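Fold and contact review
One-letter residues, chain by chain:
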Amino acid sequence: MRTLLDFEKPIAELETKLAEMKKLAIDNNVDVSAAASQLENSIEELKKETFTNLTRWQRVQLSRHPERPYTLDYIEQMCDEFIEIYGDRTVGDDKAMVGGFGKIGDQTVMFIGQQKGRNTKQRQLRNFGMPNPEGYRKALRLMKMAEKFGKPIVTLIDTPGAFPGLEAEERGQGEAIARNIRDMFMLKVPVICIIIGEGASGGALGIAIGDRVLMLENSWYSVISPENCSTILWRTWDFKEQAAEALKLTALDMKGNGLVDGIIPEPLGGAHLNPTLATDIVKKVILETINELQQISPTQRINQRVEKFSGMGVYN
């Protein structure tokens, strides 16, 4: 059974009617091709109308859809080979942050990203996609390894934030994220950062400093989640929709404000409806962007990276 969001239910009802109509036609040997075709057109139109006019809060809901592809889903489908690398060589291995070398055709890439879980056991193992300091230190270790071997880096961002627990603060959560941000500016290899779902606060920014920062169509990127913003301003989660509108956190908002470089389109209805096509689109964008960035010298890439982020928030 598919998990349906409120705004998906009218579409699902029509799709159920279409399936029933086709089954009835087979069972009774009746030709319903004209009616079925008309209903298929109605479904397509309703999908376009619904997903073109989503509110910001509805985009947030789509970004969290439980059937949406996660980091390892993209990596496993994109790569002919993938070797995961573990541990930060200091504390341990953070399961909320994954990474390793993957091969796409002839191109070897260092993939790094936050990983969520599908069920209760996996969510506990992955800490709901919220990395500890050792996760960010592992990510930086892998970036330095990629730089050593001259391989491009692709980060896939999908986190509700860095883990805010006492033990994470004791082990230097803020320092680990700050060090990542500083060192990512100076990496000599191409760095592509893609927000594939949630991109919240420093938890996202800790692996999001790159030559190209891209967002999937139904992802979000903000200093705070709508729920937490609502809690701070109104002392309740009840105003999360208003908070989402005020935060302007969608891909279109981010691109309009010059905070990301581009938007990657998703299959109509969201990546969860056609993960294979969504992966193919992301893979194509990654290869094209790597090819583009490899034409630029390392020094020029670093200078452009610094200039881009330094110019954010500056308006005439």
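A brief look at the structure comes next. This one's a predicted model, so the numbers in the text were calculated from it and none came from an experiment. (Residues numbered from 1 in each chain as written. Predicted model: local features only at pLDDT ≥ 70, side-chain atom pairs only at ≥ 80, totals over all residues. Heavy atoms only, no water.)

A count of helices and strands for the chain gives 14 helices and eight strands. Taking 20 Å as the expected radius of gyration for a compact globule of 316 residues, we find that the chain reaches 21 Å, a close match to that expectation. Each of the three principal axes of the chain carries a C-alpha extent, and together these read 65 × 50 × 50 Å. Counting over 316 residues, the chain shows a buried share of 50%. Sequence separation of 24 or more characterises 72% of the internal contacts of the chain that already satisfy a separation of 6 or more. Accessible surface computed for the chain: about 15400 Å², of which carbon and sulfur atoms make up 53%. Taken as two groups, the 39 positive and 43 negative side-chain charges of the chain have centres that lie 5 Å from each other. (Helix = DSSP H or I, 4+ residues; strand = E, 2+ residues; numbered from the N terminus. Rg over C-alpha atoms; globule rule 2.2 N^0.38 Å. Buried < 20%, exposed > 50% of the residue type's maximum accessible area, 1.4 Å probe, protein only. Contact = heavy atoms within 4.5 Å. Areas by Shrake-Rupley, 256 points an atom, 1.4 Å probe, with all protein chains shown as cover. Lys, Arg positive; Asp, Glu negative; His and termini not counted. Charge placed at Lys NZ, Arg CZ, Asp CG, Glu CD.)

Here we take up the pattern of salt bridges. Counting across every chain of the model gives 22 salt bridges. In this structure, Asp 93 engages Lys 95 in a salt bridge whose closest nitrogen and oxygen atoms are separated by 3.1 Å. Overall, Asp 93 belongs to the partly exposed group, its relative accessible area being 26%. Overlapping salt bridges, with partners in common, bring together Arg 64, Lys 116, Asp 158, Glu 198 and Glu 227 in one network. (Salt bridge = Lys/Arg side-chain N within 4 Å of Asp/Glu carboxyl O.)

Our focus in this paragraph is the pairing of strand 4 (residues 153-159). Within strand 4, seven of the seven residues are buried, which leaves the element mostly enclosed by the surrounding structure. Residue alternation in strand 4 divides its side chains into two sets, Ile 153, Thr 155, Ile 157 and Thr 159 and Val 154, Leu 156 and Asp 158, and both sets are buried. As judged from the four bridges shared by strand 3 (residues 107-114) and strand 4, these two strands associate in the parallel manner. Looking at the pairing, Phe 111 lines up with Val 154 of strand 4. Across six bridges, the pairing between strand 4 and strand 5 (residues 191-200) is parallel. When the bridges of strand 5 are listed, Thr 155 appears paired with Cys 193. (Pairing = 2+ DSSP bridges.)

We now examine the environment of Ala 35. For Ala 35, the position within the fold is in helix 2 (residues 33-52). The spacing of Ala 35 and Gln 300 is 265 residues in sequence and 59 Å in space, taken between C-alpha atoms.

Turning our eyes to something else, we now look at the packing of aromatic side chains. Overall, the coordinates contain three aromatic pairs when judged by the stated rule. Each ring, one from Phe 185 and one from Phe 309, has its centre 5.5 Å from the other, and the planes form 90°; the classification is edge-to-face. On the criterion of sequence distance, the pair formed by Phe 185 in helix 8 (residues 173-185) and Phe 309 in helix 14 (residues 298-310) is long-range, its members being 124 residues apart. Taking the relative accessible area as the measure of exposure, Phe 185 reaches 18% and is therefore buried. Over the face of the ring belonging to Tyr 70 we find Arg 118, whose NZ or CZ atom lies 3.9 Å from the ring centre. (Phe/Tyr/Trp six-rings, centres within 6.5 Å; stacked < 30°, edge-to-face > 60°. Lys NZ or Arg CZ within 6 Å of the ring centre and 35° of its normal.)

On to the nonpolar core, then. With 35 residues, the main nonpolar core has Met 110, Ile 112, Met 143, Ile 153 and Tyr 221 as its most contacted residues. Of all the secondary structure elements, the ones that give two or more residues to this core are strand 2 (97-104), strand 3, helix 6 (133-149), strand 4, helix 8, strand 5, strand 6 (212-216) and helix 12 (251-256). Broken down by element, the residue count for this core peaks at six residues, all from helix 6. Leaving out residues up to four positions away in the same chain, Tyr 221 has contacts with Ile 195, Gly 199, Ala 204, Leu 205, Ala 208, Met 215, Leu 249, Met 254 and Val 260. Of all hydrophobic cores here, the second largest spans 25 residues; its members include Tyr 74, Val 98, Val 154 and Ile 196. (Core = buried A, V, L, I, M, F, W, Y, C linked by side-chain atoms within 4.5 Å.)

Let us now look at a nonpolar patch on the surface. Judged by side-chain polarity, Ile 232, Leu 233, Trp 234 and Phe 239 come together as a nonpolar surface patch covering roughly 400 Å² of accessible area. Residue position: Leu 233 is located in helix 10 (residues 226-234). (Patch = residues over 30% accessible without salt bridge, like charges linked within 9 Å, V, L, I, M, F, W, Y side chains within 5 Å.)

Our focus in this paragraph is the side chain of Arg 68. Within the secondary structure layout, Arg 68 lies in the loop between helix 3 (56-63) and helix 4 (71-78). Looking at Arg 68, its side chain comes within polar contact range of the main-chain oxygen of Ile 196, at 3.0 Å. In this structure Arg 68 touches Leu 62, Ser 63, Asp 73, Arg 118, Ile 196, Gly 197, Leu 216, Asn 218, Ser 219, Glu 266, Ala 271 and His 272, once residues within four positions along its chain are discounted. (Polar contact = N/O pair within 3.5 Å; in protein donor to acceptor, adjacent residues only side chain to side chain.)

Turning to helix 10, its buried residues are Pro 226, Glu 227, Cys 229 and Ser 230. Taken end-on, helix 10 shows its buried residues confined to a sector of 160°, consistent with a single buried face. Contacts from the buried residues of helix 10 go to helix 3, strand 7 (220-222) and helix 11 (240-247). The first or second residue beyond helix 10 is Arg 235, which carries a positive phi of 60°. (Arc of directions from axis to C-beta.)

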